[in-house]
Every structure is written in C-alpha cells, then in structure tokens.
Amino acid sequence: MTDVTLCLWYDGTAEEAATFYARTFPDSSVDAVHHAPTDFPSGKKGDPLTVEFTVLGAKCIGLNGGPIFPHTEAFSFQVGTDSQEETDRYWNAIVGNGGKESACGWCKDKWGVNWQITPHVLTQGMADPDPAVRERVFTAMMTMHKIDHAAIEAARAG
C-alpha cells in the first residue's frame, strides 16, 4: 500500500506548530516526536528532529531543518468551511496567534505556513455555470482578506 505524508520544514518549531494545529482543527493530532540521536546542523542531540502530526485528517511530518528553507505561498493548506462562524474561528486562531492576514481568504501562521480559509459558498460560486455569477463572486472575493459569507452570497445572487 502506498501512502502520502506532507513534509513541512521548520526552524526548530515543528512541535510547537503541530501542537497548535492539533488544538485548532478537528481530526488533528500530534502523533509522535522523534529526537535527534546526535548533533545536527541546526540542533543538538536530543532536540526534536521530526514531529509526526495530522491536520484535518492529512498526515504530515515536521522536520526541524533550520532556517535555510522558509515556507512560501507555493504551498498552503486549504480549509473548506461551512459557516461564517467556522471561517472566523480558523482565521482568528491563525492570525491571532502571531499570524498575518493576506488577500482572498489567505493567511499565514506564525511559523510561515500559508492557509486558505475557503468557505464552500465561495468555491460553489466560483464553479457556478453562469459566467456572470462567477465574475461577481470573483470580484467580491478580490476585495476581501477574510472571506465574508454574506457578501459572497449577495454577489452570487446578483
């Protein structure tokens, strides 16, 4: 059987990040912490080297590899939400814990990992068979940081 695990590079903070994700998202956990058997370029013997964790059911491993490879927007977790309350909860958890807002539902956590907090109403609007609806939804989204469900629904309705 083949399986996939996402590997995320951290600068010594993989366990802290994994603990935050496990506390913030359902179906998330810290599964194992593996300590370095010897000194390594960005740490000492006994430091956490890798952390196995799960985010929203996705298997991940955090590698404490040092500062050489920072996270970029080229990778993000996209989290689909059903309500404004759920969107607000995840957005506020990430941004309120040292993260940063970005545009169109994107934000970055304090470890540099990018997140898209994406309401289903937005993805449904962007997939609408009517091109005028898609344009209105897209235009509304482009004005937002955190996605506003009511504004997207209004744009979709015309």
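Residues numbered from 1 in each chain as written. Predicted model: local features only at pLDDT ≥ 70, side-chain atom pairs only at ≥ 80, totals over all residues. Heavy atoms only, no water.

A. Spatial organisation of the overall build of the chain. Looking only at helices and strands, the chain has five helices and eight strands in total. What you see in the chain, going N to C, is helices and strands ordered as β-α-β-β-β-β-α-β-β-β-α-α-α. Each of the three principal axes of the chain carries a C-alpha extent, and together these read 60 × 35 × 25 Å. Per-residue burial for the chain yields a buried fraction of 37% across its 158 residues. In the chain, the share of contacts with a sequence separation of at least 24, taken over all contacts with a separation of at least 6, comes to 56%. Taken as a whole, the chain presents about 8500 Å² of accessible surface, with 55% of it coming from carbon and sulfur. The distance from the centre of the 12 positive side-chain charges to the centre of the 21 negative ones in the chain is 3 Å. (Helix = DSSP H or I, 4+ residues; strand = E, 2+ residues; numbered from the N terminus. Buried < 20%, exposed > 50% of the residue type's maximum accessible area, 1.4 Å probe, protein only. Contact = heavy atoms within 4.5 Å. Areas by Shrake-Rupley, 256 points an atom, 1.4 Å probe, with all protein chains shown as cover. Lys, Arg positive; Asp, Glu negative; His and termini not counted. Charge placed at Lys NZ, Arg CZ, Asp CG, Glu CD.)

B. Structural detail: the nonpolar core. Grouped together as the largest cluster of nonpolar side chains are 22 residues, with contacts concentrated most on Tyr 10, Tyr 21, Phe 25, Phe 53, Val 55, Trp 115 and Ile 117. The set of elements that each furnish at least two residues to this core consists of β1 (6-10), α1 (14-24), β3 (48-55), β5 (76-81), α2 (84-96) and β8 (114-119). Counting residues per element, this core draws most heavily on α1, at five residues. Apart from residues lying up to four places away in sequence, Phe 25 is in contact with Val 55, Leu 56, Val 79, Tyr 90, Ile 94 and Trp 115. (Core = buried A, V, L, I, M, F, W, Y, C linked by side-chain atoms within 4.5 Å.)

C. Local environment of the packing of aromatic side chains. Tallied over the entire structure, the rule returns 10 aromatic pairs. With centroids separated by 4.9 Å and ring planes inclined at 40°, the aromatic side chains of Phe 25 and Tyr 90 adopt a geometry described as tilted. In this pair, Phe 25 is assigned in the loop between α1 and β2 (29-35) and Tyr 90 in helix α2, connecting sequence segments 65 residues apart. Each member of the pair, Phe 25 as well as Tyr 90, is classed as buried. Linked through ring pairs, Phe 20, Tyr 21, Phe 25, Phe 53, Phe 75, Phe 77, Tyr 90, Trp 111 and Trp 115 together constitute an aromatic cluster. In this structure, Arg 89 is placed above the aromatic ring of Tyr 90, and the distance from its NZ or CZ to the ring centre is 5.2 Å. (Phe/Tyr/Trp six-rings, centres within 6.5 Å; stacked < 30°, edge-to-face > 60°. Lys NZ or Arg CZ within 6 Å of the ring centre and 35° of its normal.)

D. Main features of helix α4 (residues 131-141). For α4, the set of buried residues is Val 133, Val 137, Ala 140 and Met 141. The buried residues of α4 occupy an angular sector of 100° when projected down its axis, which confines them to one face. Along α4, exposed side chains directed more than 90 degrees from the buried face belong to Pro 131 and Glu 135. Where α4 begins, one side-chain oxygen reaches toward the backbone nitrogen of Ala 132, 2.8 Å away; that side chain belongs to Asp 130. (Arc of directions from axis to C-beta. Polar contact = N/O pair within 3.5 Å; in protein donor to acceptor, adjacent residues only side chain to side chain.)

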